[in-house]
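Chains, contacts and geometry: an overview
Residues per chain are reported as follows:
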Amino acid sequence: MSWQQELRCAITTQAELAAKLELTAEERLGIEQAARAGFGLSVTPYYLGLCDPHDPSCPIRRQIIPHALEARAAEGDLRDPLGEAAHEVAPRLIQRYPDRALLLVTDQCAVHCRFCTRSRTLGRGRGAAPLALLGEALRYLRGHPEIRDVILSGGDPLCMSTSRLCALVQAVRSIPHVETIRLGTRAPVCLPSRITAELVRALGRYHPIWVMTHFNHPRELSAQAARACTRLVDGGFPVMNQTVLLRGVNDDPLVLAELWRTLVRWRVRPYYLMQMDPVAGSAHLRTPLERGIEILEQLQGKLSGIALPKLVVDTPGGQGKVPLGPNYIVGRAPGCTRLRTPLGSEVDYLDPPARQR
Ligand SMILES: *Cc1c(COP(=O)(O)O)cnc(C)c1O
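Residues numbered from 1 in each chain as written. Predicted model: local features only at pLDDT ≥ 70, side-chain atom pairs only at ≥ 80, totals over all residues. Heavy atoms only, no water.

**Topic: the sheet that holds strand E10 (residues 321-324)**
Spatial ordering of the open sheet is given by E1-E2-E3-E4-E5-E6-E7-E8-E9-E10, a layout of 10 strands whose pairing is mixed. Since the sheet does not close on itself, it has two edges, and those belong to strand E1 (88-90) and E10, each with one partner. The mean angle between the axes of side-by-side strands here comes to 30 degrees, regardless of whether they run parallel or antiparallel. For strand E5 (residues 180-184) and strand E6 (residues 209-213), the ladder comprises 4 bridges, and the chain directions are parallel. (Pairing = 2+ DSSP bridges. Helix = DSSP H or I, 4+ residues; strand = E, 2+ residues; numbered from the N terminus. Axes fitted to C-alpha atoms, helices over the stretch in contact; angles between N-to-C directions.)

**Concerning the domain arrangement of the protein chain**
For the protein chain, the domain assignment lists domain 1 (76-324) and domain 2 (328-357). The straight-line distance from the C-alpha centre of domain 1 to that of domain 2 is 37 Å. (Domains from an automatic or database assignment.)

**Topic: unusual backbone geometry**
Omega for the bond connecting Gly-154 with Gly-155 falls within 30 degrees of zero, at 15 degrees, which places this linkage in the cis form. The topology assignment puts Gly-155 in the loop between strand E4 (149-153) and helix H7 (162-173). Put simply, His-207 and Pro-208 share a cis peptide bond, and its omega is 0 degrees. Residue position: Pro-208 is located in the loop between helix H9 (197-204) and E6. You will see that Arg-92, though not glycine, has its phi angle at about 70 degrees, which is positive. Along the polypeptide, Arg-92 turns up in the loop between E1 and strand E2 (93-97). Residue classification places Arg-92 among the buried residues on the basis of a relative accessible area of 9%. (Buried < 20%, exposed > 50% of the residue type's maximum accessible area, 1.4 Å probe, protein only.)

**With respect to the nonpolar core**
Soluble, globular proteins show a tendency: their nonpolar side chains are buried together. If you look at the biggest cluster of nonpolar residues, it comprises 96 residues, and the most contacted ones within it are Tyr-47, Leu-152 and Trp-260. Residues contacting Trp-260, with those up to four places away along its chain left out, are Thr-243, Pro-270, Leu-273, Leu-299, Leu-303, Ala-307, Leu-308 and Pro-309. (Core = buried A, V, L, I, M, F, W, Y, C linked by side-chain atoms within 4.5 Å. Contact = heavy atoms within 4.5 Å.)

**What about the site of the ligand?**
In the vicinity of the ligand, the contacting residues are Ile-94, Arg-96, Tyr-97, Arg-100, Leu-102, Ile-151, Arg-182, Tyr-271, Tyr-272 and Lys-321. Arg-96 places a side-chain nitrogen or oxygen 2.6 Å from an oxygen atom of the ligand. Here the ligand, which alone exposes 390 Å², has 90% of that area covered by the protein. Judged by its atoms lying within 2 Å of the grid points, the ligand is housed in the largest pocket. Breaking the shell around the ligand down by element, the ones donating at least two residues are E2, strand E3 (100-104) and strand E8 (268-274). With 3 residues, the top contributor of residues to the shell around the ligand is E2. Classifying every residue of the shell around the ligand gives 6 nonpolar, no polar and 4 charged. (Near = heavy atom within 4 Å. Polar contact = N/O pair within 3.5 Å; in protein donor to acceptor, adjacent residues only side chain to side chain. Areas by Shrake-Rupley, 256 points an atom, 1.4 Å probe, with all protein chains shown as cover. 1 Å grid on protein atoms, 1.4 Å probe; cavity = no way out; pocket = protein on both sides within 12 Å on 5 of 7 lines; lining within 4 Å. Sits in = over half its atoms within 2 Å of the grid points. Nonpolar A, V, L, I, M, F, W, Y, C, P; charged D, E, K, R; others polar.)

Below you can see the structure in the form of C-alpha coordinates.
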(Lines give C-alpha, C1' and ligand atoms only; values in the text may rest on other atoms or scores of the structure.)
Protein backbone atom coordinates (compact mmCIF):
# COMPACT_ATOMS: atom_id res chain seq x y z
CA MET A 1 0.00 0.00 0.00
CA SER A 2 1.23 3.50 -0.76
CA TRP A 3 1.48 5.88 2.20
CA GLN A 4 -1.51 7.85 0.93
CA GLN A 5 -3.58 4.65 0.82
CA GLU A 6 -2.39 3.75 4.31
CA LEU A 7 -3.68 7.10 5.56
CA ARG A 8 -6.96 6.84 3.65
CA CYS A 9 -7.51 3.32 4.99
CA ALA A 10 -6.79 4.24 8.61
CA ILE A 11 -8.91 2.19 11.01
CA THR A 12 -11.11 4.50 13.05
CA THR A 13 -14.17 2.49 14.11
CA GLN A 14 -14.84 -0.32 16.51
CA ALA A 15 -16.39 -2.43 13.76
CA GLU A 16 -13.30 -2.22 11.53
CA LEU A 17 -11.05 -2.99 14.47
CA ALA A 18 -13.17 -5.90 15.68
CA ALA A 19 -12.72 -7.49 12.25
CA LYS A 20 -8.94 -7.57 12.84
CA LEU A 21 -8.60 -8.45 16.50
CA GLU A 22 -10.46 -9.74 19.54
CA LEU A 23 -11.52 -6.69 21.55
CA THR A 24 -11.99 -6.76 25.30
CA ALA A 25 -14.94 -5.10 27.03
CA GLU A 26 -12.61 -2.36 28.35
CA GLU A 27 -11.34 -1.68 24.85
CA ARG A 28 -14.87 -1.53 23.39
CA LEU A 29 -15.94 0.92 26.06
CA GLY A 30 -12.71 2.88 25.62
CA ILE A 31 -13.27 3.24 21.87
CA GLU A 32 -16.79 4.59 22.40
CA GLN A 33 -15.69 7.00 25.12
CA ALA A 34 -12.73 8.24 23.09
CA ALA A 35 -14.92 8.92 20.05
CA ARG A 36 -17.30 10.96 22.21
CA ALA A 37 -14.43 12.85 23.86
CA GLY A 38 -13.11 13.93 20.44
CA PHE A 39 -9.80 12.03 20.36
CA GLY A 40 -10.87 8.82 18.70
CA LEU A 41 -9.15 5.70 17.56
CA SER A 42 -7.00 6.06 14.45
CA VAL A 43 -4.35 3.64 13.23
CA THR A 44 -2.73 2.75 9.93
CA PRO A 45 -3.24 -0.79 8.58
CA TYR A 46 0.55 -1.21 8.79
CA TYR A 47 0.79 -0.36 12.49
CA LEU A 48 -2.32 -2.37 13.33
CA GLY A 49 -0.61 -5.31 11.63
CA LEU A 50 2.07 -5.22 14.34
CA CYS A 51 -0.59 -5.93 17.01
CA ASP A 52 -1.16 -9.30 18.60
CA PRO A 53 -4.85 -9.92 17.75
CA HIS A 54 -5.37 -12.17 20.79
CA ASP A 55 -3.39 -10.42 23.52
CA PRO A 56 -4.87 -7.24 25.04
CA SER A 57 -1.58 -6.53 26.83
CA CYS A 58 0.25 -6.34 23.49
CA PRO A 59 2.55 -3.28 23.61
CA ILE A 60 1.24 -2.00 20.29
CA ARG A 61 -2.39 -2.35 21.38
CA ARG A 62 -1.77 -0.46 24.60
CA GLN A 63 -0.38 2.46 22.60
CA ILE A 64 -3.26 2.82 20.18
CA ILE A 65 -6.48 1.23 21.40
CA PRO A 66 -8.47 3.44 23.76
CA HIS A 67 -9.11 1.83 27.14
CA ALA A 68 -12.04 2.37 29.51
CA LEU A 69 -9.53 3.79 32.03
CA GLU A 70 -9.12 6.90 29.84
CA ALA A 71 -12.28 8.21 31.48
CA ARG A 72 -10.63 8.11 34.90
CA ALA A 73 -9.30 11.43 36.12
CA ALA A 74 -6.05 11.48 38.11
CA GLU A 75 -4.68 14.20 40.33
CA GLY A 76 -2.37 16.49 38.40
CA ASP A 77 -3.77 15.52 34.99
CA LEU A 78 -3.91 18.41 32.56
CA ARG A 79 -5.49 18.91 29.17
CA ASP A 80 -2.45 20.91 28.04
CA PRO A 81 0.32 19.48 30.26
CA LEU A 82 3.09 21.54 28.71
CA GLY A 83 1.25 24.84 28.91
CA GLU A 84 1.66 25.21 25.16
CA ALA A 85 -1.28 27.54 24.78
CA ALA A 86 0.46 29.96 27.17
CA HIS A 87 3.80 29.75 25.31
CA GLU A 88 2.37 30.37 21.86
CA VAL A 89 4.31 33.36 20.54
CA ALA A 90 2.48 33.37 17.18
CA PRO A 91 -0.32 31.12 15.94
CA ARG A 92 1.02 27.53 16.01
CA LEU A 93 4.50 28.61 17.13
CA ILE A 94 5.65 27.70 20.64
CA GLN A 95 8.80 29.06 22.18
CA ARG A 96 10.00 27.87 25.53
CA TYR A 97 13.76 28.24 25.10
CA PRO A 98 15.67 31.23 23.75
CA ASP A 99 17.34 29.44 20.83
CA ARG A 100 14.62 26.99 19.70
CA ALA A 101 11.01 27.09 18.61
CA LEU A 102 8.38 24.51 17.85
CA LEU A 103 6.09 24.96 14.85
CA LEU A 104 2.89 22.91 14.81
CA VAL A 105 2.32 22.49 11.10
CA THR A 106 -0.61 20.09 11.07
CA ASP A 107 -3.07 18.45 13.45
CA GLN A 108 -3.00 15.15 11.55
CA CYS A 109 -1.11 12.04 12.55
CA ALA A 110 -0.91 8.59 11.04
CA VAL A 111 -1.79 7.08 14.42
CA HIS A 112 -3.49 8.47 17.50
CA CYS A 113 -1.23 7.48 20.39
CA ARG A 114 -3.32 7.25 23.54
CA PHE A 115 -0.69 9.14 25.57
CA CYS A 116 -0.43 12.03 23.09
CA THR A 117 0.53 15.26 24.78
CA ARG A 118 -1.50 17.17 22.16
CA SER A 119 -4.61 15.04 22.23
CA ARG A 120 -6.53 18.25 22.91
CA THR A 121 -5.82 19.51 19.38
CA LEU A 122 -5.03 16.40 17.39
CA GLY A 123 -7.33 15.51 14.52
CA ARG A 124 -9.70 18.30 15.44
CA GLY A 125 -10.11 19.29 11.85
CA ARG A 126 -7.59 22.03 11.38
CA GLY A 127 -5.54 19.69 9.17
CA ALA A 128 -2.32 20.82 7.57
CA ALA A 129 -1.84 24.54 7.96
CA PRO A 130 -1.52 26.22 4.57
CA LEU A 131 1.59 28.36 4.30
CA ALA A 132 -0.58 31.48 4.43
CA LEU A 133 -1.80 30.54 7.93
CA LEU A 134 1.78 30.16 9.10
CA GLY A 135 2.73 33.62 7.85
CA GLU A 136 2.72 35.17 11.28
CA ALA A 137 4.82 32.35 12.74
CA LEU A 138 7.35 32.70 9.91
CA ARG A 139 7.47 36.46 10.42
CA TYR A 140 8.17 35.89 14.12
CA LEU A 141 11.01 33.49 13.28
CA ARG A 142 12.48 35.99 10.82
CA GLY A 143 12.32 38.74 13.44
CA HIS A 144 14.07 36.70 16.15
CA PRO A 145 17.71 36.05 15.19
CA GLU A 146 18.33 34.21 18.49
CA ILE A 147 16.29 31.27 17.17
CA ARG A 148 18.73 28.83 15.57
CA ASP A 149 16.75 25.60 15.68
CA VAL A 150 13.19 25.13 14.41
CA ILE A 151 11.27 21.95 15.12
CA LEU A 152 8.43 21.11 12.75
CA SER A 153 5.91 18.99 14.52
CA GLY A 154 2.17 18.72 14.91
CA GLY A 155 0.54 16.30 14.34
CA ASP A 156 3.02 14.70 12.04
CA PRO A 157 4.56 16.88 9.32
CA LEU A 158 5.10 13.77 7.18
CA CYS A 159 1.33 13.37 6.85
CA MET A 160 1.50 16.41 4.56
CA SER A 161 2.14 16.07 0.86
CA THR A 162 5.79 16.27 -0.15
CA SER A 163 5.23 19.49 -2.10
CA ARG A 164 3.48 21.23 0.78
CA LEU A 165 6.07 20.04 3.28
CA CYS A 166 8.94 21.15 1.05
CA ALA A 167 7.40 24.59 0.56
CA LEU A 168 7.28 24.98 4.31
CA VAL A 169 10.79 23.64 4.91
CA GLN A 170 12.08 25.96 2.19
CA ALA A 171 10.39 28.93 3.88
CA VAL A 172 12.07 28.08 7.19
CA ARG A 173 15.41 27.34 5.51
CA SER A 174 15.38 30.73 3.83
CA ILE A 175 15.64 32.41 7.25
CA PRO A 176 19.38 33.10 7.50
CA HIS A 177 19.80 32.60 11.27
CA VAL A 178 17.99 29.23 11.36
CA GLU A 179 20.86 26.77 11.50
CA THR A 180 19.06 23.47 11.99
CA ILE A 181 15.59 22.23 11.18
CA ARG A 182 14.14 19.21 12.95
CA LEU A 183 11.22 17.13 11.75
CA GLY A 184 9.30 15.45 14.57
CA THR A 185 7.65 12.40 13.03
CA ARG A 186 6.41 8.95 13.85
CA ALA A 187 6.31 7.96 10.19
CA PRO A 188 9.28 5.55 10.43
CA VAL A 189 7.32 3.75 13.20
CA CYS A 190 3.69 3.90 12.05
CA LEU A 191 3.89 4.71 8.36
CA PRO A 192 7.29 3.61 7.05
CA SER A 193 6.00 3.63 3.45
CA ARG A 194 6.05 7.45 3.77
CA ILE A 195 9.86 7.44 3.67
CA THR A 196 10.14 7.23 -0.09
CA ALA A 197 13.28 7.86 -2.11
CA GLU A 198 11.49 10.86 -3.59
CA LEU A 199 10.80 12.37 -0.15
CA VAL A 200 14.39 11.88 0.98
CA ARG A 201 15.71 13.48 -2.21
CA ALA A 202 13.28 16.42 -2.00
CA LEU A 203 13.97 17.22 1.67
CA GLY A 204 17.70 16.63 1.28
CA ARG A 205 17.93 19.92 -0.60
CA TYR A 206 17.36 21.76 2.69
CA HIS A 207 19.96 20.12 4.92
CA PRO A 208 20.88 20.18 7.74
CA ILE A 209 17.60 18.53 8.75
CA TRP A 210 17.46 16.24 11.76
CA VAL A 211 14.68 13.67 12.06
CA MET A 212 13.27 13.11 15.55
CA THR A 213 11.34 9.87 15.64
CA HIS A 214 9.52 7.88 18.27
CA PHE A 215 10.04 4.12 18.65
CA ASN A 216 8.75 2.74 21.95
CA HIS A 217 9.00 -1.04 21.69
CA PRO A 218 11.07 -3.70 19.87
CA ARG A 219 7.86 -4.98 18.27
CA GLU A 220 7.97 -1.80 16.15
CA LEU A 221 11.36 -2.75 14.69
CA SER A 222 10.12 -4.29 11.44
CA ALA A 223 12.01 -4.71 8.19
CA GLN A 224 9.97 -1.81 6.76
CA ALA A 225 10.94 0.43 9.68
CA ALA A 226 14.60 -0.54 9.21
CA ARG A 227 14.41 0.40 5.54
CA ALA A 228 12.81 3.75 6.35
CA CYS A 229 15.52 4.61 8.89
CA THR A 230 18.33 3.46 6.63
CA ARG A 231 16.97 5.56 3.81
CA LEU A 232 16.87 8.64 6.01
CA VAL A 233 20.36 8.11 7.40
CA ASP A 234 21.78 7.38 3.95
CA GLY A 235 20.07 10.57 2.78
CA GLY A 236 22.13 12.57 5.28
CA PHE A 237 19.49 12.98 7.99
CA PRO A 238 20.75 12.29 11.50
CA VAL A 239 17.90 10.29 13.08
CA MET A 240 17.26 10.66 16.81
CA ASN A 241 14.77 8.62 18.78
CA GLN A 242 12.58 9.80 21.64
CA THR A 243 11.07 6.90 23.61
CA VAL A 244 8.18 7.65 25.93
CA LEU A 245 8.26 5.52 29.07
CA LEU A 246 4.94 3.67 29.16
CA ARG A 247 3.56 1.44 31.87
CA GLY A 248 3.04 -2.12 30.69
CA VAL A 249 4.65 -1.31 27.34
CA ASN A 250 8.32 -0.60 27.85
CA ASP A 251 8.92 0.00 31.57
CA ASP A 252 11.44 -2.81 31.61
CA PRO A 253 15.23 -2.47 31.17
CA LEU A 254 15.47 -5.61 29.01
CA VAL A 255 12.82 -4.34 26.59
CA LEU A 256 14.45 -0.92 26.33
CA ALA A 257 17.95 -2.38 25.95
CA GLU A 258 16.77 -4.46 23.00
CA LEU A 259 15.01 -1.46 21.47
CA TRP A 260 17.94 0.90 21.80
CA ARG A 261 20.59 -1.62 20.69
CA THR A 262 18.68 -2.30 17.50
CA LEU A 263 18.17 1.40 16.84
CA VAL A 264 21.91 1.98 17.19
CA ARG A 265 22.52 -0.79 14.68
CA TRP A 266 20.22 1.12 12.35
CA ARG A 267 22.29 4.28 13.06
CA VAL A 268 19.39 5.83 14.96
CA ARG A 269 20.58 7.49 18.16
CA PRO A 270 18.47 7.00 21.31
CA TYR A 271 18.19 10.66 22.34
CA TYR A 272 15.58 10.93 25.08
CA LEU A 273 13.70 8.58 27.34
CA MET A 274 10.77 10.79 28.20
CA GLN A 275 8.77 10.62 31.36
CA MET A 276 5.16 10.68 30.17
CA ASP A 277 3.38 14.00 30.33
CA PRO A 278 0.41 14.00 32.71
CA VAL A 279 -2.10 14.38 29.92
CA ALA A 280 -5.71 13.90 30.95
CA GLY A 281 -6.93 10.31 30.70
CA SER A 282 -3.52 8.63 30.42
CA ALA A 283 -2.61 7.94 34.05
CA HIS A 284 -2.99 4.19 33.49
CA LEU A 285 -0.06 4.35 31.05
CA ARG A 286 2.17 6.46 33.28
CA THR A 287 4.99 5.27 35.56
CA PRO A 288 6.20 6.90 38.78
CA LEU A 289 9.16 9.23 38.19
CA GLU A 290 11.42 6.86 40.10
CA ARG A 291 10.87 4.02 37.61
CA GLY A 292 12.77 5.70 34.76
CA ILE A 293 15.66 6.50 37.08
CA GLU A 294 15.83 2.85 38.23
CA ILE A 295 15.79 1.61 34.65
CA LEU A 296 18.63 3.89 33.63
CA GLU A 297 20.57 2.87 36.68
CA GLN A 298 20.23 -0.79 35.69
CA LEU A 299 21.44 -0.06 32.17
CA GLN A 300 24.23 2.38 32.98
CA GLY A 301 27.55 0.61 32.41
CA LYS A 302 25.85 -2.36 30.73
CA LEU A 303 24.75 -0.73 27.51
CA SER A 304 26.98 1.23 25.10
CA GLY A 305 26.94 4.92 25.80
CA ILE A 306 25.63 5.55 22.30
CA ALA A 307 22.59 3.34 23.06
CA LEU A 308 21.70 5.10 26.33
CA PRO A 309 19.42 8.11 26.05
CA LYS A 310 18.98 10.91 28.54
CA LEU A 311 15.94 10.66 30.82
CA VAL A 312 13.95 13.89 30.78
CA VAL A 313 10.74 15.13 32.30
CA ASP A 314 8.96 17.97 30.56
CA THR A 315 7.87 20.05 33.51
CA PRO A 316 4.10 20.48 33.83
CA GLY A 317 3.13 24.00 32.91
CA GLY A 318 5.80 24.23 30.23
CA GLN A 319 8.83 25.51 32.11
CA GLY A 320 11.13 23.29 30.05
CA LYS A 321 12.65 19.82 30.11
CA VAL A 322 14.69 18.67 33.09
CA PRO A 323 17.21 15.80 32.89
CA LEU A 324 16.93 13.14 35.59
CA GLY A 325 19.17 10.26 36.46
CA PRO A 326 20.68 8.13 39.18
CA ASN A 327 22.88 10.02 41.59
CA TYR A 328 26.46 8.77 41.54
CA ILE A 329 27.82 11.25 44.07
CA VAL A 330 27.84 9.66 47.51
CA GLY A 331 29.76 12.30 49.39
CA ARG A 332 31.67 15.53 49.05
CA ALA A 333 34.50 17.13 50.99
CA PRO A 334 36.51 20.17 49.89
CA GLY A 335 38.41 19.15 46.76
CA CYS A 336 37.21 15.54 46.98
CA THR A 337 34.10 13.85 45.64
CA ARG A 338 33.20 10.26 46.43
CA LEU A 339 31.52 8.47 43.50
CA ARG A 340 29.89 5.09 43.27
CA THR A 341 30.84 3.20 40.13
CA PRO A 342 28.90 0.91 37.81
CA LEU A 343 30.94 -1.96 39.34
CA GLY A 344 29.49 -1.20 42.76
CA SER A 345 32.65 0.22 44.32
CA GLU A 346 33.19 3.73 45.66
CA VAL A 347 36.10 5.90 44.58
CA ASP A 348 37.34 9.39 45.42
CA TYR A 349 37.89 11.91 42.69
CA LEU A 350 40.34 14.64 43.72
CA ASP A 351 40.11 18.12 42.27
CA PRO A 352 43.36 19.79 41.22
CA PRO A 353 45.13 21.81 43.94
CA ALA A 354 43.45 25.20 44.35
CA ARG A 355 46.52 27.17 43.18
CA GLN A 356 46.53 25.52 39.76
CA ARG A 357 42.82 26.09 39.06
C1 LIG B 1 11.02 19.64 23.64
C2 LIG B 1 10.95 20.99 23.08
C3 LIG B 1 12.01 21.51 22.34
C4 LIG B 1 13.26 20.73 22.04
O5 LIG B 1 14.01 20.45 23.16
P6 LIG B 1 15.45 19.78 23.01
O7 LIG B 1 15.81 19.50 24.43
O8 LIG B 1 16.35 20.78 22.36
O9 LIG B 1 15.31 18.55 22.18
C10 LIG B 1 11.89 22.79 21.88
N11 LIG B 1 10.81 23.54 22.09
C12 LIG B 1 9.76 23.06 22.79
C13 LIG B 1 8.58 23.93 23.00
C14 LIG B 1 9.80 21.77 23.31
O15 LIG B 1 8.75 21.29 23.98
